[in-house]
Each structure stands twice: as C-alpha cells, then as structure tokens.
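One-letter residues, chain by chain:
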Amino acid sequence: MKGTRLKDVLGNKVFNKEKWDMLFGKFKKLATAIEMFKGPSMSIDDIEYRWVNDRIEYYEAEERLLTKKEMDIANGFWKKYGTKS
C-alpha cells in the first residue's frame, strides 16, 4: 500500500509547500468552525474535531499529506460546519 508521507506520495513531483500550507490553513478554519458550531460544551475528544485536528498535527509534525478519501471527508465536514466566507 502506498504511504501518505511526503516522500512516498510525491515521488519525482515537486512539493508545493505554499499550496499545502494554504490547505491546512483551511483545516484550521474547519476545526474552529466545528468548535463554534458545537459550542462550549463540546468535548475535546469529539470525533469529528479530533479527526480534523489529527490531520493538522500529522502534517505539521510528519509532513503527512492527505489522501483523496481524507479530502472527501473534510469536504463533508465543511458542508456541515463551514461558513461561506
């Protein structure tokens, strides 16, 4: 199975850090949108919030990129919690 770490995914392709940084900036907005939607009673262990936050941490610590399936899941969360801004 092909890995999702930076060196496994890119092969000979050039890594566009600016693009991925922008994408994960949107992930941070998504995490905030989930927090705002669920309010102060949201558990820090909320499954959807934790999923988004874990992807951010994986990218920042391990340079792990997203799979297509993960992007589809994130799009579903954005439709549920995101804003139009």
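I will try to describe carefully the structure that is included in this document.

Cut-offs applied
Residues numbered from 1 in each chain as written. Predicted model: local features only at pLDDT ≥ 70, side-chain atom pairs only at ≥ 80, totals over all residues. Heavy atoms only, no water. Helix = DSSP H or I, 4+ residues; strand = E, 2+ residues; numbered from the N terminus. Contact = heavy atoms within 4.5 Å. Core = buried A, V, L, I, M, F, W, Y, C linked by side-chain atoms within 4.5 Å. Buried < 20%, exposed > 50% of the residue type's maximum accessible area, 1.4 Å probe, protein only. Salt bridge = Lys/Arg side-chain N within 4 Å of Asp/Glu carboxyl O. Expected span 1.5 Å × (residues − 1). Arc of directions from axis to C-beta. Phe/Tyr/Trp six-rings, centres within 6.5 Å; stacked < 30°, edge-to-face > 60°.

1. Comments concerning the environment of Met-42
By the element assignment, Met-42 lies in the loop between α2 (17–38) and α3 (47–62). Once you skip the residues sitting within four places of it in the chain, Met-42 turns out to touch Ile-34, Glu-35 and Tyr-49.

2. Brief notes about the nonpolar core
Ranked by internal contacts, the top residues of the largest apolar core, which has 18 residues, are Phe-24, Phe-27, Ile-34 and Val-52. When residues of this core are traced back to their parent elements, those giving at least two are α2, α3 and α4 (68–81). Top element by residues in this core is α2. It accounts for seven residues. Not counting chain neighbours up to four residues away, the residues in contact with Phe-24 comprise Arg-55, Ile-56, Tyr-59, Arg-64 and Leu-66.

3. Looking at the pattern of salt bridges
Note that side chains of opposite charge can pair when their charged atoms are close. In total, this model carries nine salt bridges according to the counting rule given. For Arg-55, the salt bridge goes to Glu-70, with nearest N and O atoms at 2.9 Å. Separated by 15 residues along the polypeptide, Arg-55 in helix α3 and Glu-70 in helix α4 bring together distant segments of the chain. Overall, Arg-55 belongs to the buried group, its relative accessible area being 13%. The shortest N-O distance in the salt bridge between Asp-72 and Lys-68 comes to 3.5 Å. Of this pair, Asp-72 and Lys-68 are both found in helix α4, four residues apart, which corresponds to roughly one turn of the helix.

4. Here's the deal with α4
Residues separated by three or four positions in an α-helix point in the same direction, a consequence of the helix having 3.6 residues per turn. Across its 14 residues, α4 extends 20 Å between first and last C-alpha, which sits within 8% of the 20 Å expected from 1.5 Å per residue. Those residues of α4 lying buried are Glu-70, Ala-74, Phe-77 and Tyr-81. Along α4, the residues classed as buried sweep out an arc of 55° about the axis, all on the same side. Every exposed residue of α4 that faces more than 90 degrees away from the buried side is listed here: Lys-68, Lys-69 and Lys-79. The secondary structure elements touched by the buried residues of α4 are α2 and α3.

5. Digging into the packing of aromatic side chains
What characterises a pair of aromatic rings is the spacing of the ring centres plus the angle enclosed by the ring planes. If you walk through the whole model with that rule in mind, you get six aromatic pairs. Between the aromatic rings of Phe-37 and Tyr-81, the centroid separation amounts to 5.0 Å while the plane-to-plane angle is 75°, which identifies the pairing as edge-to-face. Remark: Tyr-81 occurs in helix α4 and Phe-37 occurs in helix α2; sequence separation between them is 44 residues. Judged by its relative accessible area of 55%, Phe-37 is exposed. On the basis of relative accessibility, which here comes to 6%, the residue Tyr-81 falls in the buried class.

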